[in-house]
Each structure stands twice: as C-alpha cells, then as structure tokens.
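Structure assessment
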Amino acid sequence: DSGVTQTPKHLITATGQRVTLRCSPRSGDLSVYWYQQSLDQGLQFLIQYYNGEERAKGNILERFSAQQFPDLHSELNLSSLELGDSALYFCASSLVWTSTDTQYFGPGTRLTVL
Amino acid sequence: GENVEQHPSTLSVQEGDSAVIKCTYSDSASNYFPWYKQELGKGPQLIIDIRSNVGEKKDQRIAVTLNKTAKHFSLHITETQPEDSAVYFCAARLNSGGYQKVTFGTGTKLQVIP
C-alpha cells in the first residue's frame, strides 16, 4: 500500500459526459501528479501540482483540467469524453517537486467511456 | 523532448535465472531514473532508482546500472521468482526551467516460469 488513495476505482460513462477523479496524497506529501495509462499510449504524464499550484504540464488535453485543494487532495476533471479517453488514470504523490523526488502511485481509476 | 526507449517488450525466464531490461534516453539533462513494477490491476510501484551521480545501485536481488555517456540504464533481477512476474517500466526525469518532466518507457512484461 503506497498511502495514495484514489476514488472511484471504476467509472463507466458515456461519450460527451464529464467525470471527476479524486486523489488523496500520502500524508506529508505536497506534490500530486496525474498520469494516463492506455494500451496504445503507455504511461503518459498529464499534470503536476505542488502545494496547490500547477507545477508542470505534460500531455494533458484542453478538455481535461485538474486542481489541488488546500487540504492537498486533487481532482482531475475530464469533460466532453470520447471513446479514446478510456484508460487507467493514476495519481502519484511526492514530498516536494524536484526531479529526484520519489513518486508513490495510487491504485488507479479505470475509466470506460461507452 | 525526452525520449525513452525500453527493451525488450516481453521477457520470459526460468525461475532462478537472471533478467535484464534496458532503457536508453535522449536528453542528457535527465538526472533521475526510477524503475517501477506494475502488477495486474495495481498502480506502478517504485522498486529501485538511481541518480545521475551514481553508476550502480543494488537492493537485494535488484540492481540498476547507469551509463551517462551512452545515455542508457539497465535493471538487473537475479534469482528470479514467480512473484517477479509483472510489467516493469523505466523512466527518466529532469528539471527544466523549474518544471519537472518525466518520460516513461513503454514497459517490459516479465514472465518467470516456475
């Protein structure tokens, strides 16, 4: 158990809909990262927040957005969903934000768009 | 941007044999190289990491080597056991302009045959 929690575990929705994925980092960690894992794209970094502020952006679509709240939990919002958005979404956390900081991954949310 | 190539994509070994997975990276500014193990239905779990100022690191049956000149790093698992069967990912991370960038390899599915 990494100490990172994600909800929900599974999510099934329809195209065009909007969903919110939630992540709680390990106790004491200030950074949260979001990743998308699909069969054809592998593990892709989406976005990072540090202490409530956006720190880095990866391959995140404009239809997706995220935020980190004062209690350090984070939410990833996916809107106008398409079939291709079906994937595993992972959250990870680390103590701070440096590149050598160890990241701990949560169990993931499996999103299925029908 | 950074490009990480990982080989092989699949690897089958007999229990007790060694397994080696290799990754190459393109950006010489990358300074941290973690390896993750992902079991079915779970999030990636950090198993070992190496920083750019170190050439080799060992933790029991697992070792990682880094050749900065050639820009490649490898994961070595000795005395493999069936529970080592999983997908292994390498990654390269760097700080760029205060932002952290992380790129993952495409994964190696390791099967340890009892």
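Scroll up to find the structure.
The notes below deal with the structure included here. This is a predicted model, so every value here is computed, not measured.

Comments concerning the packing of aromatic side chains
This structure, assessed with the given rule, holds 12 aromatic pairs over all chains. Arranged with centres 6.4 Å apart and planes meeting at 80°, the rings of Phe105 of chain A and Phe104 of chain B form a pair that is edge-to-face. Of this pair, Phe105 of chain A sits in strand E10 (residues 104-105) while Phe104 of chain B sits in strand E10 (residues 99-104), each in a different chain. Judged by relative accessible area, Phe105 of chain A falls into the buried class, the value being 4%. Taking 5.6 Å as the distance between ring centres and 65° as the angle between the ring planes, the aromatic pair formed by Trp35 of chain B and Phe73 of chain B counts as edge-to-face. Placement of Trp35 of chain B in strand E4 (residues 32-38) and of Phe73 of chain B in strand E8 (residues 72-77) is noted, with a sequence separation of 38 residues between them. Here the aromatic cluster, defined as three or more aromatic residues joined through ring pairs, consists of Tyr35, Phe45, Phe90 and Phe105 of chain A together with Tyr36 and Phe104 of chain B. Of note, Arg26 of chain A hangs over the ring of Tyr104 of chain A, and the distance from its end group to the ring centre comes to 3.8 Å.

The rules we used
Residues numbered from 1 in each chain as written. Chains lettered and ligands numbered in written order. Predicted model: local features only at pLDDT ≥ 70, side-chain atom pairs only at ≥ 80, totals over all residues. Heavy atoms only, no water. Phe/Tyr/Trp six-rings, centres within 6.5 Å; stacked < 30°, edge-to-face > 60°. Helix = DSSP H or I, 4+ residues; strand = E, 2+ residues; numbered from the N terminus. Buried < 20%, exposed > 50% of the residue type's maximum accessible area, 1.4 Å probe, protein only. Lys NZ or Arg CZ within 6 Å of the ring centre and 35° of its normal.

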